[in-house]
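# Chains, contacts and geometry: an overview
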There are 2 protein chains.
Amino acid sequence: MNRSGSQNIIDVGGGVGNSLGNTSDDDMVELEREGAPSTRPSGGISPPLDGSGLPEENIPGLGQYEDFHTIDWQRDIARDRMRHRLIVKKKKDSILELIRGAHDAWSGWLCVLVVGLCAGMMAGVIDIGATWLTDLKFGLCPSAFYLNKEQCCWSSNETVIDISGNCSLWLTWAEVMGFSKHESGAPAYMGLYFFYTLWALLFATLSASLVRMFAPYACGSGIPEIKTILSGFIIRGYLGKWTLLIKSVSIMLAVAAGLSLGKEGPMVHMACCTGNILAYLFPKYGKNEAKKREILSAASAAGVSVAFGAPIGGVLFSLEEVSYYFPLKTLWRSFFCALIAAFVLQSINPFGNEHSVLFYVEYNNPWLFFELVPFLILGIIGGLLGALFIRCNIYWCRFRKSSRLGQYPVTEVILVTLMTSLLAYPNKYTRMNTSELIYLLFSQCGVTNQEEICDYTNRNFTNVNQAVNIAEAGPGVYAAMWELGLALVFKMIITIFTFGMKIPAGLFIPSLAMGAIVGRMVGIGMEQIVYSYHGESLPWFFRGECAQEESCITPGLYAMVGAAAVLGGVTRMTVSLVVIMFELTGGVRYIVPLMAAAMASKWVGDALGRMGIYDAHISLNGYPFLDIKDEFSHTTLAADVMQPQSNEPLSVFTQGSMTLGEVEEILNSTDHNGFPIIISTESQYLVGFVLRRDLVLAIKALRNRMEDVSPDALVLFTTSPSTDSHLLGHNSLGEGGSNPVCPLQFSKIVDLSPVTIADKTPMETVVDMFRKLGLRQTLVTHNGRLLGIITKKDVLRHIKRMDNEDPESILFN
Amino acid sequence: MNRSGSQNIIDVGGGVGNSLGNTSDDDMVELEREGAPSTRPSGGISPPLDGSGLPEENIPGLGQYEDFHTIDWQRDIARDRMRHRLIVKKKKDSILELIRGAHDAWSGWLCVLVVGLCAGMMAGVIDIGATWLTDLKFGLCPSAFYLNKEQCCWSSNETVIDISGNCSLWLTWAEVMGFSKHESGAPAYMGLYFFYTLWALLFATLSASLVRMFAPYACGSGIPEIKTILSGFIIRGYLGKWTLLIKSVSIMLAVAAGLSLGKEGPMVHMACCTGNILAYLFPKYGKNEAKKREILSAASAAGVSVAFGAPIGGVLFSLEEVSYYFPLKTLWRSFFCALIAAFVLQSINPFGNEHSVLFYVEYNNPWLFFELVPFLILGIIGGLLGALFIRCNIYWCRFRKSSRLGQYPVTEVILVTLMTSLLAYPNKYTRMNTSELIYLLFSQCGVTNQEEICDYTNRNFTNVNQAVNIAEAGPGVYAAMWELGLALVFKMIITIFTFGMKIPAGLFIPSLAMGAIVGRMVGIGMEQIVYSYHGESLPWFFRGECAQEESCITPGLYAMVGAAAVLGGVTRMTVSLVVIMFELTGGVRYIVPLMAAAMASKWVGDALGRMGIYDAHISLNGYPFLDIKDEFSHTTLAADVMQPQSNEPLSVFTQGSMTLGEVEEILNSTDHNGFPIIISTESQYLVGFVLRRDLVLAIKALRNRMEDVSPDALVLFTTSPSTDSHLLGHNSLGEGGSNPVCPLQFSKIVDLSPVTIADKTPMETVVDMFRKLGLRQTLVTHNGRLLGIITKKDVLRHIKRMDNEDPESILFN
């Protein structure tokens, strides 16, 4: 077997995304080889004597990932660029190819357009459904059962609707059962109480059972998992159609059950499901995990956009909180997607107002400079409440995981629902829909709001144009303060138990509600302080600005600031929080108060516990999430982190001196996801890197083709001449001349340009490279000689160890 | 000389930022070594026998950069982390250190706070100054010369101010010269014309002379250079105090001269100057180029924020257009900075309205769905105009550079000013301040706007609350259309010649003005079409929405959309453009029209010319700017790009077998900025990398300390035992036992973990690494053996070559 004997080499593989190193000047061949490997139905190995690797020889599944594995961003993006080059090249060939090229160029925009449309419609359906189900707990519209209370009363054409929004067409369950309309005795009350609890239990049980039976991934808010997925992790089915369907239905039921949860977080998850499903219509995105994440980023922006009617806030939320890889192109597309979604939702108009958000408010009064003090205090309270909430919730979730409680998810939901219903009903502020509560607390007292909390003495609301004067709080306000205080305690406690149960559950609305309660209470307090000193006896810092009879304190604004503060304390959002809140109110006027509160809240929260609720849940579940925000500040070196640490040998292949049997032996005896390739055991200089999955698939394809592959066949991982000389040496030594076995050419599945670092590289640089380049692993060398390997999991475990946490809590690869 | 003889090694260097590889477990020593190298007054080498490198032995200037050089982000960020660790360690030592630690932790926020305050005040001063100077061209307030026209008329307490805003206290130059107030004859007109031109020439000459004499960097908008600087390039003095001072004065003069330029772009530059100057108050930022760029990003956000009163738009502008390295922390701080700046400017209230922007408008009518067609057409026109403008402007700038014209900058300014003045005065739309023109075109016809363009027949503006009905255009409107058309042509041509002259000049305002003219004309056209068909004869798509007598077309909205389209075509901004425009109008209602126009404009513009005006100017000036937005789509490999390409040898040092003389010989015979270090000439495996600057400084410091350094002294670049054996071999061979020269230990200035890539790495990955990691150079290896080096300049030149452009146009390192 001489140099020309290399014609007997059997060529395996080709078309693998990570065969980056093989890009030759003759890139047409490369492009051909790259064309959509997994669409080919038949796998097989290439015929011998041919090194070019035509598309027919591609092995299906190469370039894909296993479930619960980390993706390789560089490899996927390189695959996409190759695909793109192929299309650009082919464009000149025919009109069809030109159209295909144009379709490819537009598919990103088209995809986000469709995602935006679907997300908007989905949100509209869920909003309408949830309202209808919620109203069903209280009563029915007998003339048209499919209408909710508001629509039912619209259709009645009554001009006077009583204070609780009831009208003659709408019958409460008490009325349905035969009690008269204005009877307020114990039997009617108890009847309503009973029906309320009954419906709540029914809805909750249904919701939990649906999730348990059909789509276990539909539970929770989904944002921690989406963060993990967007950072480059595979969770199959998490964004699938079943999850979408079940989550849509069960979130409506869960909201209607009156549990302390919101549908805004799950809407982000559902929008991402929509994005994921629709991405499969566009192979450019559906077949490439890294590219798909661009669509998912846009979809999450659309989710927030429809949840709050805040497109810019949605984009910033996606940028700040959810996304990992966010190029500027994605920013622009996310904006487009969010805008389309908001536009569609606005056209559907589920809330019957023109603002596409449930709590749109506009205040008349500007805020005053001295009010920054109470706003900052609200921020501090928000940070404290947020940190307390996170700590308790994580404690309870950890208890659930470790105890037998976790085995009875439906029972848990039923119990919590029962508690919620029984305790919530007597207090009017917990009985009402949480969104309505927030709207009530945000709004100004005036013609449109004459609730108990607006019961001021000597205030006349008959004239809309007249300025609201500052007034003494009446007994209604004091009663409301007590009820609100109880509602706050109840919401806080019940939300701790609710978030993390096996039903869809968002945190935005409960957090906003808690914050709004605190804020409104502080606001009323401030108002009464100013009132009691009003006129000349005001302290100097009030006097200039609050001298008139006009109300200079808007308790609703305090509620809004408080809501932002608690939400900030829980989620640790910053810019996106302020922008969402400011889009809710429709004016730039209150950015400064919101910002002051958000900042105070974040600082206090961060001082008490480093992680926001989403990061805490990621950590609890052991997802391999490498946070972009955390700074790695230790002085360890790559050599301290790499595997193997002690004297155990590193599992490697040599480039041209191992037999198939030896390779399979190593594959079977280890569970590494990839193996470095070195020149030889004597000269441990790095040649390349091969992934276990690719190698296993290639060997399987080889065996499918030729059943009599000898385990003694030499495996070649390189095409360079130096290999041949090695190979010659080995062959002449090992097998003599009898029955010469064809060597197997595996070089196509080898990445000849793996990322390498020196052993003295500080870990902060390594962590930075993992984050910014989206690496899955890196090889550690010293003066060119291979020393070890660092995987993303090693990095994550090292970070945990450095932070004195349990490194074994990182579960996946 | 045996192993213990290494005690005779002379230790050089220490405290270098890039001695990252030397981080040891005993990091206290490392930290000590790191402490603020350039504050030490005396440089010198460490005494022999000591390897720890105490701070006293630091060489000043190590870790700094030369002018017109690229910075190394990784190295600077690592330096900052070391500094941070030192502070955290020391914190426990004393109260003083605790305070110092707290100051350090807060300094980022404090710095952006101060930057925001200063940027806001600066903008206020410039706005007031520019307005005063502009009014000076027309007349004077004799009673208080320091007041501008508006303030002068306020102080007069007159209730009726005539249509051009004149009042009795304000005297035009014609009146000052003795003509009566309402004389409108030729002499008065010519007198005003003469004074207008005279003042304009005076202001322009002064402006150009100031720039030429004191601060040549003050010219232009500054945004191309700021983009380059933020991408990691050093231009000393570009953001200095002289530039700030001269630019502030000369932008006021240039605006007042009536040239077709705006002060908004220069305001970004001036805000960055403020940021740069204030960063020196905080050593954390002032002494670290990479960290300083975080402050500059925030400052540029503040610049846009004060220029347009758009804080969120400013942050997005900084993110999308200007910044390069934009971590989330910077996002939050930029937001804070932008908000503070806007708040301060609003408190100063230079325009006398409460909105801190010159053209605040709010429309009454919603836009209609079919209007998307004209909006898209406006977008296409905007893209065409933008691309045309860029092409002509670049052509002219290139001509200026290559011809003798470039040698007479002041003469050029005077000539262009003369042309501008003579041509602008006769047309009222070019005579007025460009900002006022934009405001006029944006505004609705109504009580507050009764200009010629609002001359409709049968329209009565006496009642504010009455809806404006749709009406036939009167003769005034037709006259205005002609004048506006001429104004558009004039603005377009004169701006091409103006932008790029050696005076401060922004492009935002001229672009907005051009777009507003186009938009208003299209809007009036649409309005008249709808009017001519109004009532039942309207086409079906109009009918439902435009049936009433009310005006359903707002020409002002078209002007706004047109302005966005042209600005988008010129700058290729996307999200930030839409957000800025939407913040100008204060409502989310018109986001969809703005977005449609911006998108159409960008696509048309990109199809006609890849680069926006700023990128085109960066390319024209040959700055080494590696755009994050462009995708590298070629299939070349690192081996094709690296230096050396042919057979010429790579300049390298060996780790322990070169004498000082040999090292200096290589330093003198080459001009590379850094040199790889290999094991030996026989075994070319990579050890590390040393920067020329560090090495030259270290040798200089050595000679300062010991004048009799023998050129035969061995230079050691490593501390590993293998060196010692090499050294022993060399020493015993070369010098025998006579007069043993101490070897010089240079290992502290060696980076033992340079970034390396394999020769087969595709260039797309290499470009990605340069962008994301902020590399200055990377070393190319094959199986661990050093092959060559790729610098940022090589990458940029390769990109140019691949795009069939002149690679030699990249000028700097």
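The structure reproduced in this document is the subject of the present report. Computed from a predicted model, the values in this text were never measured in an experiment.

## Thoughts on the overall build of chain A
Scanning chain A for helices and strands turns up 30 helices and 13 strands. A total of 813 residues make up chain A; the buried ones form 54% of that total.

## Focus on the sheet that holds strand β4 (residues 653-654) of chain B
Residues and elements named next belong to chain B. Spatial strand order, β4-β6-β7-β10: 4 strands in an open sheet with mixed pairing. With one partner strand each, in any of the chains shown, β4 and β10 (750-751) form the two edges of the open sheet. Note: β4 against strand β6 (residues 674-678), 2 bridges, orientation parallel. By the bridge assignment for β6, F653 is matched with I677. Helix-sheet contacts for helix α27 (residues 692-705) involve β6 and β7 (686-691), and the interaxial angle to β7 is about 70 degrees.

## Brief notes about the relation of the copies chain B and chain A
Laying chain B over chain A is done by rotating through 180 degrees and shifting 0.0 Å along the axis; what remains is an RMSD of 0.1 Å. What the rotation and shift describe, once combined, is the action of a two-fold rotation axis. Minimal C-alpha distance to the rotation axis in chain B is attained by G784 of chain B, lying at 1.8 Å. The residues that chain B uses at the interface reappear at the interface of chain A in 100% of cases, marking a shared surface.

## Things to note about helix α6 (residues 186-214) of chain A
All names here are of chain A. In this model, α6 (29 residues) spans 41 Å end to end at C-alpha, consistent with the 42 Å of a helix rising 1.5 Å per residue. Residues A188, G191, L192, W199, A200, F203, A204, S207, A208, L210 and V211 constitute the buried set of α6. In this structure, the buried side of α6 is in contact with α3 (95-136), β3 (171-172), α5 (173-176), α8 (241-256) and α15 (409-424).

## Considering the packing of helix α14 (residues 372-402) of chain A against helix α24 (residues 613-621) of chain A
All names here are of chain A. Following both chains from N to C, one finds α14 and α24 inclined at 20 degrees, their axes separated by 10 Å at the closest point. With respect to α24, the axis of α14 lies roughly parallel. As α14 runs across α24, the sense of the crossing is right-handed. Only I613, A616 and L620 of α24 make contact with α14, whose side of the interface consists of I390, N393, I394, C397 and R398. Of the residues assigned to the contact of α14 with α24, the class counts are 6 nonpolar, 1 polar and 1 charged.

What counts, and where the lines are drawn
Residues numbered from 1 in each chain as written. Chains lettered and ligands numbered in written order. Predicted model: local features only at pLDDT ≥ 70, side-chain atom pairs only at ≥ 80, totals over all residues. Helix = DSSP H or I, 4+ residues; strand = E, 2+ residues; numbered from the N terminus. Buried ≥ 20, exposed ≤ 12 C-beta atoms within 10 Å, placed from the backbone. Pairing = 2+ DSSP bridges. Contact = placed C-beta atoms within 7 Å. Axes fitted to C-alpha atoms, helices over the stretch in contact; angles between N-to-C directions. Least-squares fit on C-alpha atoms with pLDDT ≥ 70 in both. Expected span 1.5 Å × (residues − 1). Parallel < 35°, antiparallel > 145°, perpendicular 65-115°, else oblique. Left-handed = near helix turned anticlockwise from the far one by under 90°. Nonpolar A, V, L, I, M, F, W, Y, C, P; charged D, E, K, R; others polar.

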